[in-house]
Amino acid sequence: MARKKEPVPVQAELPAETLADELARQQRSISVAEFFEKNKHLLGFDSPVRGIITTVKEAIDNALDACEEAGVLPDIYLGIFRMQEDVFKVVVEDNGPGIVPENIPFVFGKLLYGSRFHQIRQSRGQQGIGISAAVLYAQLTTGTPTLVISRCGADRGAFRMLIQIKTETNEPEILSREEITWDRTHGTRIEIEFRSSLTARKRLIEYLRYTSVVNPHCRIRVDLDGETMTFDRASEEPIVPPKAIKPHPHGVELGELKRMAAATNETLRTFLIEGFTRVGEKTATEILNTAGMPDDRKASSLKIKELGTLLAAMQSANVPPPPAQQCLSPIGEDLIRQGLEKEFQLDYISARTRPAAVYHGHPFIVEAALGWGGKLEAEGTARIMRFANRVPLMYQQGACAVTGCISGVNWKTYGIGQQGLPTGPLIILVHVASTNVPFTSESKDAVASIPEIEREITLALQDLGRDLKTFIQRRDRSRQSEERARAICSIIPDIAAKVAETLDLPVPDTSPIEGQIMRRLVAKKRTTDGIVSILVSNYTSHAVDISLYAITQDDPQKADKPPVFVEKMGDDYSAVWQLRLAASETWITEFPGTGRGSIDIRGIDEKKKVVVDLDR
Ligand SMILES: Nc1ncnc2c1ncn2[C@@H]1O[C@H](COP(=O)(O)OP(=O)(O)OP(=O)(O)O)[C@@H](O)[C@H]1O
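- In the nomenclature of an unreviewed UniProt entry, the protein corresponds to Type 2 DNA topoisomerase 6 subunit B from the organism Methanospirillum lacunae.
- Per UniProt, the protein carries the Catalytic activity (unreviewed entry) text "ATP-dependent breakage, passage and rejoining of double-stranded DNA."
- Recorded in UniProt under Function (unreviewed entry), the annotation for the protein is "Relaxes both positive and negative superturns and exhibits a strong decatenase activity."

## What about the overall build of the protein?
Right, so step 1: In terms of regular secondary structure, the protein is built from 15 helices and 24 strands.
Right, so step 2: In terms of overall size, the protein is more extended than a compact globule, its C-alpha atoms giving a radius of gyration of 35 Å where 616 residues would be expected to give roughly 25 Å.
Right, so step 3: Principal-axis analysis of the C-alpha atoms gives the protein an extent of 125 × 70 × 70 Å.
Right, so step 4: In the protein, the share of contacts with a sequence separation of at least 24, taken over all contacts with a separation of at least 6, comes to 70%.

## A word on the domain arrangement of the protein
Right, so step 1: Looking at the protein, the domain boundaries give domain 1 (32-231), domain 2 (254-316), domain 3 (347-473) and domain 4 (510-613).
Right, so step 2: Here the C-alpha centre of domain 4 lies 50 Å away from the C-alpha centre of domain 3.

## Points about the site of the ligand
Right, so step 1: Taken together, 21 residues sit near the ligand, with Asn62, Gly114, Ser115, Gly125 and Gly130 positioned nearest.
Right, so step 2: Of all the elements, helix H3 (residues 48-70) adds the most residues to the shell around the ligand, at five residues.
Right, so step 3: By residue class, the composition of the shell around the ligand is six nonpolar, 11 polar and four charged.

## Overview of the pairing of strand E2 (residues 87-94)
Right, so step 1: Here strand E1 (residues 75-84) runs beside E2; their pairing, made up of seven bridges, is antiparallel. Bridged to Tyr77 within E2 is Glu93.
Right, so step 2: Counted along the chain from E1 to the antiparallel partner E2, the turn is two residues long.

## With respect to the UniProt feature "domain: Histidine kinase/HSP90-like ATPase" (unreviewed entry) in the protein
Right, so step 1: UniProt feature "domain: Histidine kinase/HSP90-like ATPase" (unreviewed entry): in the numbering of this structure it lies at residues 47-198.
Right, so step 2: Secondary structure over residues 47-198 splits into 27% helix and 36% strand, and the C-alpha atoms at its two ends are 12 Å apart.

## Considering the confidence of the model for the protein
Right, so step 1: Averaged over every residue, the pLDDT of the protein is 92; residues scoring 70 or more account for 97%.
Right, so step 2: Note on the complex model: pTM 0.77, ipTM 0.98.

## Topic: the sheet that holds strand E20 (residues 565-569)
Right, so step 1: Read across the sheet, four strands follow the order E20-E21-E19-E23 without closing on themselves; strand pairing throughout is antiparallel. The sheet is open, and its two edges are formed by E20 and strand E23 (597-602), each paired on a single side. Across the sheet, the mean angle separating the axes of adjacent strands is 15 degrees when strand polarity is ignored.
Right, so step 2: Both strand E19 (residues 544-552) and E23 contribute to a ladder of six bridges, which runs antiparallel. When the sheet's bridge partners are listed, Ala550 is paired in E23 with Ile599.

## Points about the environment of Gly570
Right, so step 1: With respect to the helices and strands, Gly570 occurs in the loop between E20 and strand E21 (572-581).
Right, so step 2: A sequence separation of 17 residues divides Gly570 from Gln553, and the C-alpha atoms of the two residues are 9.5 Å apart.

## Remarks on the environment of Ser490
Right, so step 1: Relative to the assigned elements, Ser490 resides in helix H14 (residues 451-503).
Right, so step 2: On a C-alpha basis, the gap between Ser490 and Thr267 in space is 88 Å, while along the polypeptide they are 223 residues apart.

## Here we look at H14
Right, so step 1: For H14, spanning 53 residues, the distance from its first C-alpha to its last is 77 Å, which sits close to the expected 78 Å at 1.5 Å a residue.
Right, so step 2: At Ile492, H14 shows its maximal kink, close to 30 degrees; a proline, Pro493, follows between one and four residues later.
Right, so step 3: Every buried residue of H14 is listed here: Ile453, Glu456, Ile457, Ala460, Leu461, Leu464, Gly465 and Leu468.
Right, so step 4: Buried-residue contacts for H14 involve strand E9 (348-353), strand E10 (357-359), strand E11 (362-372), helix H13 (401-408) and strand E16 (426-434).

## Some thoughts on the packing of H13 against H14
Right, so step 1: At a minimum axis distance of 9 Å, the contact between H13 and H14 shows a crossing angle of 45 degrees. Considering the angle they form, H13 stands oblique to H14. Note that H13 runs across H14; the crossing there is right-handed. Every residue of H14 that contacts H13 at Ala401, Val402, Cys405, Ile406 and Gly408 is listed here: Ile453, Glu454, Ile457, Thr458 and Leu461.
Right, so step 2: A breakdown of the residues in the contact of H13 with H14 according to their chemical character gives seven nonpolar, two polar and one charged.

## With respect to the nonpolar core
Right, so step 1: With 53 residues, the main nonpolar core has Ala368, Ile428, Leu429, Val432, Val447 and Ile457 as its most contacted residues.
Right, so step 2: When residues are assigned to domains, this core turns out to be shared by domain 1 (32-231) and domain 3 (347-473), each giving three or more.
Right, so step 3: When residues no more than four places from it in sequence are discounted, the contact partners of Ile428 are Leu370, Ala382, Ile384, Met385 and Ile406.
Right, so step 4: Listed in part, the 46 residues of the second largest apolar core include Val56, Ile80, Val90 and Leu136.

Calculation notes
Residues numbered from 1 in each chain as written. Predicted model: local features only at pLDDT ≥ 70, side-chain atom pairs only at ≥ 80, totals over all residues. UniProt positions renumbered as here; feature names shortened; annotations may be inferred. Helix = DSSP H or I, 4+ residues; strand = E, 2+ residues; numbered from the N terminus. Rg over C-alpha atoms; globule rule 2.2 N^0.38 Å. Contact = placed C-beta atoms within 7 Å. Domains from an automatic or database assignment. Near = placed C-beta within 6 Å. Nonpolar A, V, L, I, M, F, W, Y, C, P; charged D, E, K, R; others polar. Pairing = 2+ DSSP bridges. pLDDT = per-residue confidence, 0-100. Axes fitted to C-alpha atoms, helices over the stretch in contact; angles between N-to-C directions. Expected span 1.5 Å × (residues − 1). Bend = angle between axes of the 7 residues up to and from the residue. Buried ≥ 20, exposed ≤ 12 C-beta atoms within 10 Å, placed from the backbone. Parallel < 35°, antiparallel > 145°, perpendicular 65-115°, else oblique. Left-handed = near helix turned anticlockwise from the far one by under 90°. Core = buried A, V, L, I, M, F, W, Y, C linked by C-beta atoms within 7 Å.

Here is the structure:
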């Protein structure tokens, strides 16, 4: 049988002037500003509604970072004003160290310009894009330049500049620059105007509230289009700024190693010891022996293949983890609790700061907290608060590793409902602090799924879940026993009355029985044969400090235990005894009289006391 012929691909006849030539004419470099102008969604400016939150977030993050670096307690002003139906002016002013006038145009008028990108330490900002992206968004939507005022000290002048970005070159354009008088001695103020909407008002307030929870040392005064509010500080301690560290041998990649080696004049041994954190004499020897390289060879002489061998040796060496305490600034369990207490009224809060851990050579610490009850909605899924380097993550909850870990925990084991996410009156806070938080994109909305980080989050949540289970069980048990006791107490007076009637005896005083069953404090007044007795019995399980008040027509100064305060008011005496009663202790005082008057006790929960006047 004849074989079928394979079809021959058709080669179109190309003209002398090819498409490649045409394309070559069109090819040119793209400035980063042009790129982000087209791809603003990558930076969190995907809609006018979101634009306002991203701008506020970038400006407040910068203000907090700057204050932290200067060691001052942040006092931040945020103003949002409607200029036209859909044009808003955002004003953010801080009391940070200020920005030197020569740098102001670059900070606000050039993307990828900043002080933190090359430093290995925890900070909110990292990329040097944030605030210049907001300036770009403003000029794109309203054509309005950004106004900046900044001053770096009482002996330095304040400068006011109008800035915009030359998109084609990603270079700043200064439209005006003048020295002015400003009542602040140091700080920065920016005014940005862009097309937006305030439909995300609730989310904006939520962002400010969350920021205040994880930055309990900061105060933010807000003027939100006529509505004023203050998020006050819960701590007067400024944050100790984290210190930058050198790269860790397990966290470096070939390109970075090549750059570092090319820039040094040192021998391999000195290069390793001085260029990297946690590398001492012993570790340097181990690395060089594994790589089979001499100590005294110049690091800059290594060829790319040799650099690969050195890198493999560095990564296999037994190097202690990076010094996390130095370069990270976790919030701490006490401050997380204080922050949550300040912003939410809860029945229960528990927080955990996990020990430092490492992923790809980057140190990180996971902190988590659970809050339960109080004014939280009993129905629906838990409120999730995600943070990275003390910044609330407000978008892309579903794409975040934190959410994945929360859904991955079996909350039913801890007595909590679950429909994917846990349900009930529950707040879950998770904070990831790292020198390099692995975000899923430049808009820094979601933490990427890194197994080491996910493991730490899960362990923290499981630990907190166990504690919450104990709290809920204890609370349910005490509720049940209180309900049972209340049911019994409600029938005791009837039983006593029936028994007294049957035996033809006076109805007995049942308050001590009620006090014992309900674990209460019982205060009782009774007059027999011209002697007034006041008796206070502590049936609770702990000591109490209380004040006993009496308004009486009898003179309480004649009591065997005289009051600390007596005043005559017309026919009546007002008297106060101050008492400390241990659990199960009974206190009694007596004085001559008719028993006309009343008693009361204060200093104890209303539900925990029984006051009986047997003279009535
Ligand atoms: N209010 C401020 N006070 C002092 N310095 C500031 C202030 N705002 C910005 N800066 C400086 O300007 C730099 C650039 O800020 P920008 O917001 O563009 O980036 P970033 O905060 O470093 O990083 P990211 O893009 O991740 O937010 C900062 O690194 C900081 O040095």
